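# Inside the fold
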Amino acid sequence: FSHLGGNRIRVTYEWHVDEEPGGDFHCFVHGVRPDAPKPDPIAFQQDHKLPKPTTEWRAGEVIVDGPYDITLPDEHDWFDLTIGLYQNQRLHLSGPDHGDDRVALARLKIDRENGTITRIRREDVPQEALAATEPDLDFKAHTNPPGTWIDFGPIATAVVAFGTLGD
């Protein structure tokens, strides 16, 4: 991240691939104002083609994406910069959850002097701006974690607790 002067910034993203995405996804970047009127708090977008198709991403890779120059709208003093992947629907990614399957990258704070932008700085997105999410469930042990609900259509079951019976 760097401030280019005025309301312009330059950003480079890094994608740390934990597992293959399993499809051909596209990148979206949103500058959001969570305090803006609903339904859409998006103030600006920077959707772009990825430097390497996600169908070629392999676990353990780091994909460098950018740099990109972005012009921020003039009328606000801060934005949350969020990112995600989509293909018909958004892919759930790990990282600070900003809601709507977007990962929070940074809060961009705009400093002004006499109405002129003097600096744009990057800060962490405050915890209260992040979505309250349930922890991801781990089904790798081929067991259902307690409290999960499994629905097969006409039949459903819940795992409440399990253990061994006494004598």
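Report follows, based on the coordinates. Remember, it's a predicted structure, so these values are computed and weren't measured experimentally.

What counts, and at which threshold
- Residues numbered from 1 in each chain as written.
- Predicted model: local features only at pLDDT ≥ 70, side-chain atom pairs only at ≥ 80, totals over all residues.
- Heavy atoms only, no water.
- Helix = DSSP H or I, 4+ residues; strand = E, 2+ residues; numbered from the N terminus.
- Buried < 20%, exposed > 50% of the residue type's maximum accessible area, 1.4 Å probe, protein only.
- Contact = heavy atoms within 4.5 Å.
- Areas by Shrake-Rupley, 256 points an atom, 1.4 Å probe, with all protein chains shown as cover.
- Salt bridge = Lys/Arg side-chain N within 4 Å of Asp/Glu carboxyl O.
- Core = buried A, V, L, I, M, F, W, Y, C linked by side-chain atoms within 4.5 Å.
- Phe/Tyr/Trp six-rings, centres within 6.5 Å; stacked < 30°, edge-to-face > 60°.
- Lys NZ or Arg CZ within 6 Å of the ring centre and 35° of its normal.
- Pairing = 2+ DSSP bridges.
- Axes fitted to C-alpha atoms, helices over the stretch in contact; angles between N-to-C directions.

It is worth spelling out the overall build of the protein chain at this point. Helix and strand counts for the protein chain stand at zero helices and eleven strands. For the protein chain, the succession of helices and strands along the chain, N to C, is β-β-β-β-β-β-β-β-β-β-β. Among the 167 residues that make up the protein chain, the fraction classed as buried is 34%. Across the protein chain, every contact between residues at least 6 apart in sequence was considered, and the portion connecting residues at least 24 apart equals 59%. Of the roughly 10900 Å² that the protein chain leaves accessible, carbon and sulfur atoms contribute 49%.

This part is about the pattern of salt bridges. Any two side chains of opposite charge can pair, on the condition that their charged atoms come close. All chains considered together, the criterion is met by eleven salt bridges. Ionic pairing is found between Glu-20 and Arg-58, a salt bridge with its closest N-O pair at 3.7 Å. One end of the pair, Glu-20, is in the loop between strand 2 (8-16) and strand 3 (26-32); the other, Arg-58, is in the loop between strand 4 (42-45) and strand 5 (62-71), with 38 residues separating them in the sequence. Residue Glu-20 is classed as partly exposed on the basis of its relative accessible area, which comes to 47%. Put simply, Arg-121 and Asp-111 hold a salt bridge, and the shortest N to O gap is 3.0 Å. Highlighted residues: Arg-121 in strand 9 (residues 116-123) and Asp-111 in strand 8 (residues 103-113), separated in sequence by ten residues. By relative accessible area, Asp-111 is classed as buried at 19%. One network of salt bridges, with partners in common, ties together Asp-111, Arg-119, Arg-121 and Glu-123.

Right, let's get into the nonpolar core. Judged by nonpolar contacts, the single largest core of 25 residues is most densely connected at Tyr-13, Trp-15 and Leu-72. When contributions to this core are tallied by element, the ones reaching two or more residues are strand 2, strand 3, strand 5, strand 6 (78-87), strand 8 and strand 9. Excluding residues that lie within four positions of it along the chain, Leu-72 makes contacts with Asn-7, Ile-9, Phe-44, Phe-79, Leu-108, Ile-110 and Ile-120.

If you walk through the whole model with that rule in mind, you get four aromatic pairs. An angle of 45° between the planes, with centres 6.1 Å apart, marks the rings of Phe-28 and Tyr-86 as tilted. Here Phe-28 is found in strand 3, whereas its partner Tyr-86 is found in strand 6, with 58 residues between them in sequence. Taking the ring centre of Trp-78 as reference, the NZ or CZ of Arg-33 above it sits at 4.3 Å.

This paragraph deals with the sheet that holds strand 5. Within the open sheet, the three strands sit side by side as 1-2-5. Their pairing is antiparallel. Each having just a single partner strand, strand 1 (2-5) and strand 5 make up the two edges of the open sheet. Between one strand axis and the next, the sheet turns by 20° as a mean value, whatever way the strands run.

On to the environment of Ile-42. Following the sequence through the fold, Ile-42 ends up in strand 4. Ile-42 gets classed as partly exposed once you look at its relative accessible area, which sits at 23%. Taking the C-alpha atoms as reference, Ile-42 lies 9.8 Å from Val-29; in sequence the two are 13 residues apart. Apart from residues no more than four positions distant in its own chain, Ile-42 is found in contact with His-30, Gly-31, Val-32 and Arg-102.

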